[in-house]
Amino acid sequence: MTANGKTPRTMTREALEHALHKGYLEKRQMTAALLDIDFFSNLNAKVGGVQGDLILERIGIFLAGVGEASAARWGGDEFLLLFWDRKPKELCCRLEDIRKMWRHTRFVSTYPYEKHRLTFSMGVAGSHKASGPFELLKYAEIALFEAKKMGRNRIVYAEQSPLVILGGAGACTTAAGKALKGLAREGEEAFGAAVAEP
């Protein structure tokens, strides 16, 4: 609940995408934090789709209440936080504070799972080394992939290594750090893979 008595709400994905593009046009520093609820599909299968949607709604309200970030449900059980005029290294303490508040918040009310504690994995990337919204979100997505690979329930900051985009035949492949991801023409995932160490 905000000071004016209203419940905070997340933006739509479309509105946040528009804000992200506008931020690049205005040359503003932005940090994208892509958050995924750990093992949410398992919990959703137990409580049912209706209760699962209520849990995601409570999470959205929590994230919208963060204050200095714009928040949107990004798809499935992913949310995007967009911090304005801040670089990732300036947000380390703030993101850990959010994790602490999260740990003390109960999102599940369905018996007998009401004591179930949710955790999240997060990938964080800054706009200062990304050429545009697509590249920024790819950095954040690959950092999130690394967080999951490392065991989940953690925040990983993008290495900001060069991002290679290979297009052709209606598909797009990106490589950054040690991960690969393929997207089909309409944006759905075509494949995902980790790059083996030499």
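What this report covers is the structure whose coordinates are included nearby. Nothing here was measured: the structure is a model prediction, and the numbers come from that model.

Right, let's get into the packing of helix α1 (residues 13-25) against helix α5 (residues 133-149). Where α1 meets α5, the closest approach of the two axes is 10 Å, and the angle between their N-to-C directions is 115°. Contact residues: Leu20, His21 and Tyr24 in α1; Pro133, Leu136 and Leu137 in α5. For the contact of α1 with α5, the per-class residue count stands at 5 nonpolar, 1 polar and no charged.

On to the pattern of salt bridges, then. Tallied over the entire structure, the rule returns 9 salt bridges. A salt bridge links Asp85 to Arg28; the nearest nitrogen and oxygen atoms lie 2.8 Å apart. Here Asp85 is found in the loop between β3 (78-84) and α4 (92-103), whereas its partner Arg28 is found in the loop between α1 and β1 (30-37), with 57 residues between them in sequence. For Lys148, the salt bridge is made with Asp36, and the minimal N-O distance between the two is 3.4 Å. Residue Lys148 is located in helix α5, and its partner Asp36 is located in strand β1; the two are separated by 112 residues in the primary sequence. For Asp36, a relative accessible area of 7% puts it in the buried group.

With 17 residues, α5 extends 24 Å from end C-alpha to end C-alpha; this agrees with the ideal 24 Å at 1.5 Å per step. Among the 17 residues in α5, 13 count as buried, and that is most of the element. In the segment just after α5, Gly151 is the residue with positive phi, at about 120°.

Grouped together as the largest cluster of nonpolar side chains are 28 residues, with contacts concentrated most on Ile55, Ile59, Phe83, Leu118 and Met122. By residue number, the principal contributor to this core is helix α3 (residues 49-64), which donates 5 residues. Not counting chain neighbours up to four residues away, the residues in contact with Met122 comprise Ala33, Leu34, Leu35, Leu81, Leu95, Ala143, Leu144, Ala147, Arg154, Ile155 and Val156. Listed in part, the 23 residues of the second largest apolar core include Leu20, Trp84, Leu137 and Tyr139.

Here the focus is α4. The end-to-end C-alpha distance of α4, which contains 12 residues, comes to 17 Å, matching closely the 16 Å that a straight helix rising 1.5 Å per residue would cover. Those residues of α4 that fall on the buried side of the exposure criterion are Arg94, Leu95, Ile98, Arg99 and Trp102. Around the axis of α4, the buried residues are gathered within 145° of arc, so they sit on the same side. Buried residues along α4 sit in contact with β1, α3, β3, β4 (120-126) and β5 (155-157).

Once that is clear, we can look at the pairing of β3. Within β3, 6 of the 7 residues are buried, which leaves the element mostly enclosed by the surrounding structure. As judged from the 7 bridges shared by β1 and β3, these two strands associate in the antiparallel manner. In the sheet register, Leu34 faces β3, and the bridge partner there is Leu80. Judged from the 6 bridges that link them, strand β2 (residues 69-75) and β3 form a sheet pairing that is antiparallel. Its bridge partner lying in β3, Ala69 is registered against Phe83.

With that settled, consider the pairing of β4. Here β4 lies mainly inside the structure; 7 of its 7 residues are buried. Residues of β4 alternate between two faces, with Phe120, Met122, Val124 and Gly126 on one and Ser121, Gly123 and Ala125 on the opposite face, all of them buried. Bridge analysis of β1 against β4 gives 7 bridges, and the strand direction is antiparallel. The partner of Leu35 across the bridge, within β4, is Met122. When β4 meets β5, the two strands line up parallel, connected through 3 bridges. In the sheet register, Val124 faces β5, and the bridge partner there is Tyr157.

Analysis parameters
- Residues numbered from 1 in each chain as written.
- Predicted model: local features only at pLDDT ≥ 70, side-chain atom pairs only at ≥ 80, totals over all residues.
- Heavy atoms only, no water.
- Axes fitted to C-alpha atoms, helices over the stretch in contact; angles between N-to-C directions.
- Helix = DSSP H or I, 4+ residues; strand = E, 2+ residues; numbered from the N terminus.
- Contact = heavy atoms within 4.5 Å.
- Nonpolar A, V, L, I, M, F, W, Y, C, P; charged D, E, K, R; others polar.
- Salt bridge = Lys/Arg side-chain N within 4 Å of Asp/Glu carboxyl O.
- Buried < 20%, exposed > 50% of the residue type's maximum accessible area, 1.4 Å probe, protein only.
- Expected span 1.5 Å × (residues − 1).
- Core = buried A, V, L, I, M, F, W, Y, C linked by side-chain atoms within 4.5 Å.
- Arc of directions from axis to C-beta.
- Pairing = 2+ DSSP bridges.

So, to be careful, I would describe these as geometric facts and stop short of saying anything about function.
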